[in-house]
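Per-entry structural report
Next come the chains, spelled out residue by residue.
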Amino acid sequence: MANKVLLIVNTGTPDKPEVKEVRRFLSEFLNDKRVIDLPWLLRKILVNLIIVPFRAPKSTKLYKRLWTGEGSPLLYNLKKLETGVQLRLKNRYNVMGVMRYGTPSLRETLNLMKNNPPEELVVFPLFPHYASSTTGSVIELTAGIVKNWNVIPELRFVGQFYSRPEYLDTMADHIIRYETDKYDHILFSYHGLPLSHIHSVHPERDCRDCNCGEKFPDDGAFCYKATCYETTRLLSAKLKLPSDKASTSFQSRLTKKWLSPFTDETLIKLARSGRKRVLVIAPSFVADCLETTIEIKEEYLNLFKSEGGQELTVVESLNGSDEWAKTLIDIADI
C-alpha cells in the first residue's frame, strides 16, 4: 500500500451509553475552546462544574435510545464509509475513519504516525459547512500536532463542500427517492450555532441584519448561516422545489441566542398553518446521530403531531452508502 493516508473525521460519540462514558465524551467535547468560546477559566468552571455533571445523565438516556445492536450509528456508519472508500481507492491510500472527540481518536491516530509519517496526509472533516467548532477544530488540532513532527508530510485539508456539484448531485439523487411532491412542505434543518460564532466571522455586521436568507452575501464564504441558506437554495433548485414549499431552520439550540428560526418552532407554525405532511432534510449531517434520529424523528415528530400535523418524514443521512463513498473521493480529488 502506498504510504499515503486519508483521514475522514466526524465529531464523535461516547464509547458506551453509560454515564461515565458520556461524561468523558462531553468533557472532551465541551472543553474545546472552539466549541465554547469563553475565557479558559470560565469555560472550565462552566463545563466541568455545571454543564457536564447535569447534562451527562440526561444525555445518557438519549444515547441509550440511539444505540443499536451495532453500537453507535455515528461510529458504525463511519467504519462502513471507511471500508467503502478504502475498497474504491484500493492501495493508493490508507483510509482511516476517526473522531475529533472520543474514539477512534484523531489525536491518538496522528500521534501514532509521528515516527513513521506518511508521504501525504489528506484530512477530510465530514462537515459540509465550515464552522470554527467543527472543521476549524479539526484543522487546528491536526496542524498543531503535525507541526511538531520531525518529518512533516505533504498535508492537505478538504474544506467545506456544501456547494460542490458532486455533493449536491448525490444529495439530490438521495432526496428524490422520497418523492417530494407528496409533502405539503420541505424543511431544511441545520445544526444550530451560537450567534457569537457567526458574529466572529464578520464582526462588523450583526448576522441578524443580514439578508443571506434571500441571497448569498459577498462576505459569506465562511459564514455558517449564509452557507446553510445557500445550500437550501442550491438543493431546492436541483429538486425543482417551488419557493413557497421549502424553508430553512436551525435545530439543537441551547439558548435563544442561537441561530434562528428554530426547527421546533417552525414545525409548530407549519402544523398550525395546515401543513399535514412535512419532509425534513438535514444537509449538515452526513451521518445519522442524536440530532436526526432522536431529536427530529422522535421529539419533533411528537411535537408536530401534537399541533395537528400527521406525518413528519426525515431523509436518511448519506451514512456509509456507496454513493457517498464515491462522492467523498471525488470531492477529495484523490
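Report on the accompanying structure. Keep in mind the model is a prediction, meaning the values are calculated, not measured.

Digging into the overall build of the protein
For the protein, the count of helices and strands is 11 helices and 8 strands. Since a compact globule built from 334 residues should have a radius of gyration of about 20 Å, the 20 Å found for the protein is in line with a globular shape. Along the first, second and third principal axes, the C-alpha set of the protein runs to 65 × 50 × 45 Å. Across the 334 residues in the protein, those meeting the buried criterion constitute 52%.

Focus: the pattern of salt bridges
A full pass over the atoms with the stated rule returns 17 salt bridges. Here arginine 177 ties to glutamate 323 by a salt bridge, and the two come within 3.5 Å at their closest N and O atoms. You can see arginine 177 sitting in the loop between α6 (165-176) and β5 (185-191) and its partner glutamate 323 sitting in helix α11 (residues 322-332), a full 146 residues away along the chain. Glutamate 323 gets classed as partly exposed once you look at its relative accessible area, which sits at 41%.

What to know about the nonpolar core
With 58 residues, the main nonpolar core has Leu6, Val85, Phe124, Tyr224, Trp324 and Leu328 as its most contacted residues. Sequence-distant contacts of tryptophan 324, defined by excluding residues within four places in its chain, comprise Leu81, Leu126, Phe161, Val286, Leu318, Asn319 and Ile331. If you look at the next biggest cluster of nonpolar residues, it comprises 15 residues, including Val9, Val98, Leu106 and Trp149.

Digging into the sheet that holds strand β8 (residues 311-314)
Taken together, 4 strands build an open sheet; the order of strands is β6-β5-β7-β8 and the sheet is parallel. Each of the sheet's edge strands pairs with one partner strand only, and the pair in question is β6 (246-251) and β8. On average, adjacent strands in this sheet sit at an angle of 25° to one another, irrespective of strand direction. Judged from the 6 bridges that link them, β5 and β6 form a sheet pairing that is parallel. Directly across from tyrosine 190, in β6, lies its bridge partner phenylalanine 250.

Re the packing of aromatic side chains
One pass over the full model with this rule turns up 9 aromatic pairs. The interplanar angle of 80° and the centroid separation of 5.4 Å between the aromatic rings of phenylalanine 161 and tyrosine 167 together place this pair among those described as edge-to-face. Accessibility classification places phenylalanine 161 together with tyrosine 167 in one group, the buried group. When the centroid spacing of 5.8 Å and the interplanar angle of 35° are considered together, the rings of phenylalanine 161 and tryptophan 324 count as tilted. Of this pair, phenylalanine 161 sits in the loop between β4 (154-157) and α6 while tryptophan 324 is found in helix α11, placing the two residues 163 residues apart along the sequence. You can call phenylalanine 161 buried: its relative accessible area is 0%. On the accessibility criterion, tryptophan 324 (0% relative accessible area) is buried. Taken together, Phe124, Phe161, Tyr167 and Trp324 form an aromatic cluster joined through their ring pairs. Over the face of the ring belonging to phenylalanine 262 we find arginine 253, whose NZ or CZ atom lies 4.1 Å from the ring centre.

Regarding α6
Between its terminal C-alpha atoms α6 stretches 16 Å, which fits the 16 Å expected from 12 residues at 1.5 Å a residue. Of the positions making up α6, those classed as buried are Tyr167, Leu168, Thr170, Met171, Ala172, His174 and Ile175. Summarising the contacts, the buried residues of α6 are in contact with α8 (224-239), β7 (277-281) and α11.

Quick notes on helix α10 (residues 290-306)
The sharpest bend along α10 reaches about 35° and sits at isoleucine 296. Taken together, the buried positions of α10 are Leu290, Thr292, Ile294, Glu295, Ile296, Tyr300, Leu301 and Phe304. Those residues of α10 hidden inside the fold are in contact with α2 (40-66), β5, β6, α9 (263-272), β7 and β8. Phi turns positive one or two residues past the end of α10, at glycine 308, with a value near 110°.

Brief notes about the environment of leucine 62
One can find leucine 62 in helix α2. Spatially, the C-alpha atoms of leucine 62 and phenylalanine 124 are 28 Å apart, while their sequence positions differ by 62 residues. Once you skip the residues sitting within four places of it in the chain, leucine 62 turns out to touch Leu290, Ile294 and Glu299.

A closer look at the sheet that holds strand β3 (residues 120-125)
In any sheet, the strands associate via hydrogen bonds between backbone groups, in a parallel or an antiparallel arrangement. If you walk across this open sheet you meet the 4 strands as β2-β1-β3-β4, and the pairing is parallel. A strand with exactly one partner marks an edge of an open sheet, and here the two such strands are β2 (94-102) and β4. Across the sheet, the mean angle separating the axes of adjacent strands is 25° when strand polarity is ignored. When strand β1 (residues 4-13) meets β3, the two strands line up parallel, connected through 6 bridges. When the bridges of β3 are listed, leucine 6 appears paired with valine 122.

Digging into the packing of α2 against α10
Close contact between α2 and α10 brings their axes to 10 Å; oriented N to C, the two are set at 90°. Here α10 runs roughly perpendicular to α2, going by the angle between their axes. Residues Leu62, Tyr63, Arg65 and Leu66 of α2 form the contact with α10, whose participating residues are Leu290, Thr293, Ile294, Glu298 and Glu299.

Reading the values: rules and limits
- Residues numbered from 1 in each chain as written.
- Predicted model: local features only at pLDDT ≥ 70, side-chain atom pairs only at ≥ 80, totals over all residues.
- Heavy atoms only, no water.
- Helix = DSSP H or I, 4+ residues; strand = E, 2+ residues; numbered from the N terminus.
- Rg over C-alpha atoms; globule rule 2.2 N^0.38 Å.
- Buried < 20%, exposed > 50% of the residue type's maximum accessible area, 1.4 Å probe, protein only.
- Salt bridge = Lys/Arg side-chain N within 4 Å of Asp/Glu carboxyl O.
- Core = buried A, V, L, I, M, F, W, Y, C linked by side-chain atoms within 4.5 Å.
- Contact = heavy atoms within 4.5 Å.
- Pairing = 2+ DSSP bridges.
- Axes fitted to C-alpha atoms, helices over the stretch in contact; angles between N-to-C directions.
- Phe/Tyr/Trp six-rings, centres within 6.5 Å; stacked < 30°, edge-to-face > 60°.
- Lys NZ or Arg CZ within 6 Å of the ring centre and 35° of its normal.
- Expected span 1.5 Å × (residues − 1).
- Bend = angle between axes of the 7 residues up to and from the residue.
- Parallel < 35°, antiparallel > 145°, perpendicular 65-115°, else oblique.

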